[in-house]
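Overview (structure and organization)
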Amino acid sequence: MALPLRSRLALTAVKRRLPAMAAGDVAAGLPRGLHVAVVGSGSPLPDASRGNACVAVIAAGRIFLVDAGERSAETMTRMRLAPHRIAAVLLTHFHSDHIGGLGSVSLQRWVADAAHDPLRVLGPPGVERVVAGLNEAYALDCGYRTEHHGPAVAPPSGAGMIALPFTSPEGEESVVVLDEDGLRVTAFAVDHAPVEPALGYRFDFEGRSVVMSGDTVYSPSLVRAARGADLLLHDALSPGLLRLAQDAAAGAGMSSRRQIFADVPDYHATAPQAADATREAGVGALALTHIIPPLPMRALEPVFLGDAREHFAGPLWLARDGDLYSLLSGGAGVQRKRLISRLPGI
Ligand SMILES: [Zn+2]
Ligand SMILES: [Zn+2]
């Protein structure tokens with residue numbers, strides 16, 4: 001069968017690009033330091049350009065995921081973040097947009113390099129239920145894959161996840177939840193009521209530090225835990241833009257949806273509030289993430305930010321899926337670049 005010219009050209013292009021796609025392993029070539037890859041910068045509201053919450057913190061070639069919402073595994077491959085490098089996942093809380101991609105992240109890590117141990121998932125109490133449920137949901141799948149590819153490629157001992165719960169910090173308390181190879185991860189409580197527990201994490205490595213807010217309103221415990229850090233990733237919501245969606249839902253007679261849009265602002269910070277937290281904590285730079293509502297046009301970003309830049313004078317970005325923020329060992333400041341391909345890896 002004669003293929004159309006366009007198809008033959010596409011086939012040639014794919015053949016040419018496959019070797020690079022297969023060899024993609026960005027973490028192997030990163031300079032010494034703490035690197036923060038934004039895998040998902042969106043929220044549960046459907047967003048064509050932003051996946052659900054997921055940030056990959058990379059230190060000494062190992063990847064630590066903070067949350068794993070839907071599309072995490074797919075965007076990781078587009079960023080050439082090799083799944084066999086995932087050392088652990090840390091969950092901030094158990095909202096669906098923070099756990100919905102755990103199953104496929106776990107599966108990709110398992111078969112990427114014949115992992116012999118299950119994926120570690122750290123979190124406050126409740127993580128056992130999430131992990132047990134997903135392990136059960138994926139149990140048949142894991143069995144099929146071992147049967148099909150053999151135990152050398154898909155070892156049963158490495159399938160699924162293991163929950164590692166820790167005692168949830170309360171009030172202004174911080175607890176060290178991981179201390180490995182020079183990387184220290186500290187958890188602190190944030191305010192995402194009625195969701196409890198809800199945590200943020202601070203990563204310290206070779207004198208550099210990044211803080212993840214998780215989902216929260218402006219939170220004094222976050223300001224305290226983030227003191228002096230180099231970079232803060234903070235969730236952000238625009239009440240004004242969300243109000244437009246709320247009004248549209250009301251106009252369309254969608255009363256449940258209108259109610260949801262009305263409920264959401266009381267448990268996320270606005271961009272100016274996130275900027276306040278950054279300034280008060282003396283943090284060097286701010287990247288806003290967990291963007292609510294979706295911004296279908298880049299031109300809406302100034303509307304989303306409001307007067308946030310008047311609240312914090314340092315570098316302030318609206319994070320996008322595919323961003324890489326680098327905090328080099330022995331260096332200062334934050335280097336930012338894009339790290340994403342239209343094509344997935346293999
Ligand atoms: Zn949440
Ligand atoms: Zn969320």
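Read on for a plain summary of the structure. (Residues numbered from 1 in each chain as written. Chains lettered and ligands numbered in written order. Predicted model: local features only at pLDDT ≥ 70, side-chain atom pairs only at ≥ 80, totals over all residues. Heavy atoms only, no water.)

**A look at the sheet that holds strand S13 (residues 316-318)**
Within a beta sheet, neighbouring strands are joined by backbone hydrogen bonds and run either parallel or antiparallel to one another. Pairing within the open sheet is mixed, and its seven strands lie in the order S7-S8-S9-S10-S11-S12-S13. The open sheet has two edge strands with one neighbour each: strand S7 (174-180) and S13. The average angle at which neighbouring strand axes cross in this sheet is 20°, direction not considered. The sheet contact formed by strand S12 (residues 285-292) and S13 spans three bridges and is parallel. Its bridge partner lying in S13, Ala287 is registered against Trp317. (Pairing = 2+ DSSP bridges. Helix = DSSP H or I, 4+ residues; strand = E, 2+ residues; numbered from the N terminus. Axes fitted to C-alpha atoms, helices over the stretch in contact; angles between N-to-C directions.)

**Points about the pattern of salt bridges**
Per the stated rule, a full pass over the model turns up 14 salt bridges. Of the charged contacts in the structure, one is a salt bridge between Asp230 and Arg208, with a shortest N-O distance of 3.1 Å. With Asp230 in the loop between helix H6 (220-225) and strand S11 (231-237) and Arg208 in strand S10 (residues 208-212), this residue pair connects regions lying 22 residues apart in the sequence. With a shortest N-O distance of 2.7 Å, Arg338 and Asp323 are connected by a salt bridge. Of this pair, Arg338 sits in strand S15 (residues 335-338) while Asp323 is found in strand S14 (residues 323-328), placing the two residues 15 residues apart along the sequence. A residue is classified by how much of its surface remains accessible, and Arg338, at 35% relative accessible area, is partly exposed. Each of Arg62, Arg120, Glu180 and Asp181 takes part in a single network of salt bridges with overlapping partners. (Salt bridge = Lys/Arg side-chain N within 4 Å of Asp/Glu carboxyl O. Buried < 20%, exposed > 50% of the residue type's maximum accessible area, 1.4 Å probe, protein only.)

**Concerning the coordination of the zinc ion (ligand 2)**
Only Asp97 (OD), His98 (NE2), Asp215 (OD) and His290 (NE2) from the protein coordinate the zinc ion (ligand 2), and they sit 2.1 to 2.2 Å from it. Sequence spacing of the donor residues for the zinc ion (ligand 2), all on one chain, is D-H-x116-D-x74-H. Separating the zinc ion (ligand 2) from the zinc ion (ligand 1) is a gap of 3.3 Å, bridged by Asp215, which donates to each. Residue His98 is located in helix H3 (residues 96-99), and its partner His290 is located in strand S12; the two are separated by 192 residues in the primary sequence. The class for His290 is buried, based on a relative accessible area of 4%. (Donors = N, O, S within 2.8 Å, 3.2 Å for Na, K, Ca; no water.)

**Overview of the side chain of His98**
Note on His98: relative accessible area 1%, which makes it buried. Polar side-chain contacts of His98 include one of 3.4 Å to the side chain of His290. For His98, the contacting residues outside a window of four places in its chain are Ala53, Asp67, Ala68, Gly69, Leu91, Thr92, His93, Asp215 and His290. (Polar contact = N/O pair within 3.5 Å; in protein donor to acceptor, adjacent residues only side chain to side chain. Contact = heavy atoms within 4.5 Å.)

**Quick notes on the nonpolar core**
Core analysis: the largest hydrophobic core is formed by 32 residues, its most contacted members being Leu34, Leu183, Tyr201, Phe203, Val210, Leu231 and Leu233. Per element, the largest residue contribution to this core is four residues, and it comes from strand S9 (residues 199-205). Residue contacts for Leu233: discarding those within four places in its chain leaves Val36, Val38, Val55, Val210, Val211, Met212, Ser213, Ala287 and Thr289. Leu81, Leu91, Val131 and Leu339 belong to the second-largest nonpolar core, a separate cluster that totals 29 residues. (Core = buried A, V, L, I, M, F, W, Y, C linked by side-chain atoms within 4.5 Å.)

It is worth stressing that arrangement in space is one thing and function is another; only the former is reported here.
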